[in-house]
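What follows is each chain in one-letter form.
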Amino acid sequence: MRVGKILLALAAVTVALAIGGYRYWESRLAAPINVDEPTLYEVPAGAGYHQVVLDLSRRGILDDPWAFRLLTRLDPASVPSLRVGEYRLEPGMTGREALARLGSDQVVTYPLTIPEGWTFAEMRARLDEADKLTHESEGMSDAEIMAALGREGEHPEGWFFPDTYRYHKGVSDLDILRRAHERMEAILEDVWEGRDPDRELPIDNPYEALIMASLIERETGASEERRAIAGVFARRMERGMRLQTDPTVIYGMGEDYDGNITRADLREATPYNTYVIDGLPPTPIAMPGRAALEAAVDPKPGDTLYFVARGDGTHQFSRTLREHNAAVRRYILNR
């Protein structure tokens, strides 16, 4: 009888110890991490759960690493699968919450903005400067980049949609370029398919619309003028007049452009000099946004054939060369 009481007492003590131990273990899992302000933590490629727990402990962020290692034995279903990337650990988070975040989609991302009207060279320079981005394209030629994107032989200018792209540490610049190219393809197709099928245009296909949109983008300082500028270009092409737009001259000059265009530059025969060539240049000269693409397929009706910058971002539009020359004297020569 006495032995039975002893065994019963031992069992009760064992149960009490087990319950107390479990509660203590749970309390260690629920203890707050040791950060006083939002802290970036990176899960490197190939790192496993135990490795990350040990690293967090060594950094003083996580107490009692044994409790989290024990979790893999007692409750393996609750152990998060960690994901590569940077994460923000917040004050007040428990250890379990912190590890759960390291397996979530709340990876820290960074913005990369490509403005409308930039050239591919300018986009490459921005990518080269981007922090936390893997620079796979470094040292590659434009042709090699296009081949890496599966677009071998395609001229890169104009084919990347200007926008703000977000990325996390370790993403490749080629990934950004691929996303931008796919967006431009999709938006160009959407705009071209959405044009008025009954309206005659001086452009015959989506690529010519992309070229035209790049000219509109480079000439436009005021967004409300895009369709008006498109209208001037469309009417000039319909009448067999040369486009005579300075941004094409500048693009054709390349690195020789020093901020000024001379009369000799306007006479220089380059594939992009629309003072010399008829029709559109052979490729886009910049990356147009959607509004410029829409203007290219929906030019504003009217009778204007010329425009000149007023100096405030807007243009003076004219119907005749005489009106245009007067506007040039007013806004350019007398300034």
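You'll find the structure just up there.
Just so it is clear, the model here is predicted, and its values are computed rather than measured. (Residues numbered from 1 in each chain as written. Predicted model: local features only at pLDDT ≥ 70, side-chain atom pairs only at ≥ 80, totals over all residues. Heavy atoms only, no water.)

1. Some details on the overall build of the protein chain
Next, step 1: Secondary structure summary: the protein chain contains 13 helices and six strands in total.
Next, step 2: Taken over the C-alpha trace, the protein chain has a radius of gyration of 32 Å; the compact-globule value for 335 residues is 20 Å, which it surpasses by more than 25%.
Next, step 3: Based on the C-alpha atoms only, the size of the protein chain along its principal axes is roughly 120 × 40 × 40 Å.
Next, step 4: Across the 335 residues of the protein chain, 41% fall into the buried class.
Next, step 5: For the protein chain, the share of sequence-separated contacts (at least 6 apart) that also reach a separation of at least 24 residues comes to 66%.
Next, step 6: Of the accessible surface of the protein chain, which amounts to about 18300 Å², a share of 49% is contributed by carbon and sulfur atoms.
Next, step 7: For the protein chain, the separation between the mean place of its 40 positive charges and that of its 54 negative charges on side chains is 6 Å. (Helix = DSSP H or I, 4+ residues; strand = E, 2+ residues; numbered from the N terminus. Rg over C-alpha atoms; globule rule 2.2 N^0.38 Å. Buried < 20%, exposed > 50% of the residue type's maximum accessible area, 1.4 Å probe, protein only. Contact = heavy atoms within 4.5 Å. Areas by Shrake-Rupley, 256 points an atom, 1.4 Å probe, with all protein chains shown as cover. Lys, Arg positive; Asp, Glu negative; His and termini not counted. Charge placed at Lys NZ, Arg CZ, Asp CG, Glu CD.)

2. Concerning the packing of aromatic side chains
Next, step 1: Applying the stated rule across the entire model yields six aromatic pairs.
Next, step 2: Seen from their ring centres, Tyr110 and Tyr167 are 5.9 Å apart, and the 40° between their planes marks the pair as tilted. Of this pair, Tyr110 sits in strand S3 (residues 109-113) while Tyr167 sits in strand S4 (residues 164-168), placing them 57 residues apart in sequence.
Next, step 3: Tyr110 gets classed as buried once you look at its relative accessible area, which sits at 19%.
Next, step 4: Using a relative accessible area of 4% as the deciding quantity, one classes Tyr167 as buried.
Next, step 5: Aromatic side chains Trp159 and Tyr207 sit 5.9 Å apart centroid to centroid with 15° between the ring planes, which places their arrangement in the stacked category. Of this pair, Trp159 sits in the loop between helix H6 (142-148) and S4 while Tyr207 sits in helix H8 (residues 206-219), placing them 48 residues apart in sequence.
Next, step 6: For Tyr207, a relative accessible area of 26% gives the class partly exposed.
Next, step 7: The cationic tip of Arg195 hangs over the ring face of Trp192; the distance from NZ or CZ to the ring centre is 3.8 Å. (Phe/Tyr/Trp six-rings, centres within 6.5 Å; stacked < 30°, edge-to-face > 60°. Lys NZ or Arg CZ within 6 Å of the ring centre and 35° of its normal.)

3. Things to note about the pattern of salt bridges
Next, step 1: Applying the stated criterion to the full structure yields 17 salt bridges.
Next, step 2: Residue Glu42 pairs with Lys169 through a salt bridge whose shortest N-O separation is 2.9 Å. Here Lys169 lies in the loop between S4 and helix H7 (173-193) and Glu42 lies in strand S1 (residues 39-43), a separation of 127 residues in the sequence.
Next, step 3: When its relative accessible area of 29% is taken as the criterion, Lys169 is described as partly exposed.
Next, step 4: Between Arg226 and Glu217 there is a salt bridge, with the nearest N and O atoms lying 3.3 Å from each other. (Salt bridge = Lys/Arg side-chain N within 4 Å of Asp/Glu carboxyl O.)

4. Some points on the pairing of S3
Along a regular strand, successive side chains alternate from one face of the sheet to the other.
Next, step 1: Residues of S3 alternate between two faces, with Tyr110 and Leu112 buried on one and Thr109, Pro111 and Thr113 left unburied on the opposite face.
Next, step 2: As paired elements, S3 and S4 share five bridges and run antiparallel to each other. The partner of Pro111 across the bridge, within S4, is Arg166. (Pairing = 2+ DSSP bridges.)

5. Things to note about the nonpolar core
Next, step 1: Phe160 and Leu177 are the most contacted members of the largest nonpolar core, which has 54 residues in total.
Next, step 2: Secondary-structure elements contributing two or more residues to this core are S3, helix H5 (120-129), H6, S4, H7, H8, helix H9 (226-238) and helix H12 (290-297).
Next, step 3: Looking at this core element by element, the count peaks at nine residues for H7.
Next, step 4: For Phe160, the residues in contact, after removing those within four places along its chain, are Phe120, Met123, Met146, Leu149, Leu177, Ala180, His181, Met184 and Met287. (Core = buried A, V, L, I, M, F, W, Y, C linked by side-chain atoms within 4.5 Å.)

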